[in-house]
Amino acid sequence: MTMTNPEHAFLIILIIGVVTLATRLLPVLVFGRGKKVPDYILYLGKVVPYTAMGLLIVYCLKDVSVIHAPHAIPELAALAVVVGTYLWKRNTIFSVVIGTVVYMVLIQLVF
Amino acid sequence: MKKRSMKITKQDVTAALRTSLPIIVTFIVLGTGYGILMQEHGYGPIWSLLSGIMIFSGTAQFVSVTMLTGGSLIMAAVTALMVSARHIFFSISMIGRYRNENKRKWYLYYALCDETYAMLSKDDGPKGVNTSSYRFLVTLFDQLSWILGSVLGGCLGSVLNFNSEGIDFAMTALFATVFLQQWIDSKCHIPAILGLLATLACRLLFGRDLFLIPAMVIIIAVLTIMRRTIEERSQINDDND
């Protein structure tokens, strides 16, 4: 496939960029203007990070199917490795590298 | 509160690099994948660079590739809103943390991707670093590594013959380690369980394309309703520590 219309491609990137930027900036423009940040927003700031990691994990695994082969086995196995190594060493880089290598080996060579 | 100093020391750079390292490695590899895909569709490294600056969201950029040639502008806007809506959720929760950042604030929000959020929402950085500079550098390193990867992919194209299938699991692993550390650090586990279960339930109910927005609405609603309980239990945590 080749690029046919650079202006159109640029417009698409511009629109997606503006929408993405809006999702990042709008909350600040709405709630972050005054000197004092509302109490409720500060509360959300404290607790949302604790809910967000669960949300992001599910988001990352959204295309995984339990019903169809390989039944999420590579994902669960690699996650178990991440959890196990992290509880053992408490080292993020170590767990991320080992978990990812295990996952890549599983999906490329085993399943 | 006083405005933060913007000075950057060697110590800040080292700390930021240490935090960003798993993200830098993964972003270079994933970015390369994106650059190659763009190249295959007829869009070279300049286009990847442009997209990395104008959009800077892995998901949104990957989705945009097939739209560049002949996609409708309205569909592009709607799709971008669907995949990027989670940033609203992240930005809201950073308002308290970023309130004393000067002009840097705008860069921090503009480049707040999932991975940067995971690293910067958990603490103010290691002891002794300038928090503002640390945040700025982590955000910058993450964005630069993504852009570097995508330009590299655009230049080298399919010359690179490395099977990177599954490398994106690094992001899942990263979020899992942050999840674990948060679990260890807190005694009130309601928010952690809520985030996981509400999103999982919505994924099953609404399907893979629509679940994020209802999940965020449910999470905010439950956090609001249970505010007193959660704050009391967190208070107990503070007293015990």
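Residue positions within a chain follow its written sequence, with the count starting from 1. Each chain takes a letter, starting from A, and each ligand takes a number, starting from 1, following the order in which they are written. Only residues with pLDDT of at least 70 are given local features in this predicted model, and only at 80 or more are side-chain atom pairs given and counted; all residues enter the totals for whole chains, interfaces and linings.

Right, let's get into the nonpolar core. A general tendency of soluble globular proteins is for nonpolar side chains to be buried together. Grouped together as the largest cluster of nonpolar side chains are 88 residues, with contacts concentrated most on A:Ile16, A:Leu56 and B:Phe175. Counting from the N terminus, the helices are the DSSP runs of H or I reaching at least four residues and the strands are the DSSP runs of E reaching at least two. Looking at which element gives the most residues to this core, the answer is helix α2 (residues 39-60) of chain A, with 12 residues. Any pair of residues counts as being in contact when their C-beta atoms, constructed from backbone geometry, are within 7 Å of one another. When residues no more than four places from it in sequence are discounted, the contact partners of B:Phe175 are A:Met53, A:Leu56, A:Ile57, A:Cys60 and B:Ala118. What makes a nonpolar core is a set of buried Ala, Val, Leu, Ile, Met, Phe, Trp, Tyr and Cys residues, with links drawn between C-beta atoms within 7 Å. Buried, partly exposed and exposed are defined by the number of other C-beta atoms within 10 Å of a residue's own C-beta, namely 20 or more, between the two limits, and 12 or fewer respectively, with C-beta atoms placed from the backbone.

The next subject is the interface of chain B and chain A. Chain B puts 75 residues into the contact, and the matching count from chain A is 61 residues. The biggest single contributor to the side of chain B that touches chain A is helix α9 (residues 169-185) of chain B, with 13 residues. Residue composition of the side of chain B that touches chain A, grouped by class: 46 nonpolar, 21 polar and eight charged. As a working rule, the residues Ala, Val, Leu, Ile, Met, Phe, Trp, Tyr, Cys and Pro are called nonpolar, Asp, Glu, Lys and Arg charged, and the rest polar, with Gly in that last group.

Here we come to the confidence of the model for chain B. All names here are of chain B. Looking at chain B as a whole, the pLDDT averages 90, with 94% of positions reaching at least 70. This stretch, residues 237-241, has a pLDDT under 50; its non-local contacts, to residues over four places away or in other chains, come to three contacts. Both scores are given for the predicted complex: the pTM is 0.86, the ipTM 0.90. Scored from 0 to 100, pLDDT records how confident the predictor is in each individual residue.

Residues and elements named next belong to chain B. Start and end points for every domain follow an automatic or database-based domain assignment. The domain architecture assigned to chain B consists of domain 1 (10-163) and domain 2 (186-241). Centre-to-centre separation of domain 1 and domain 2, based on C-alpha positions: 26 Å. Contact with domain 1, which involves four residues of that partner, is made by four residues of domain 2. Considering only residue class, the side of domain 1 that touches domain 2 consists of three nonpolar, no polar and one charged.

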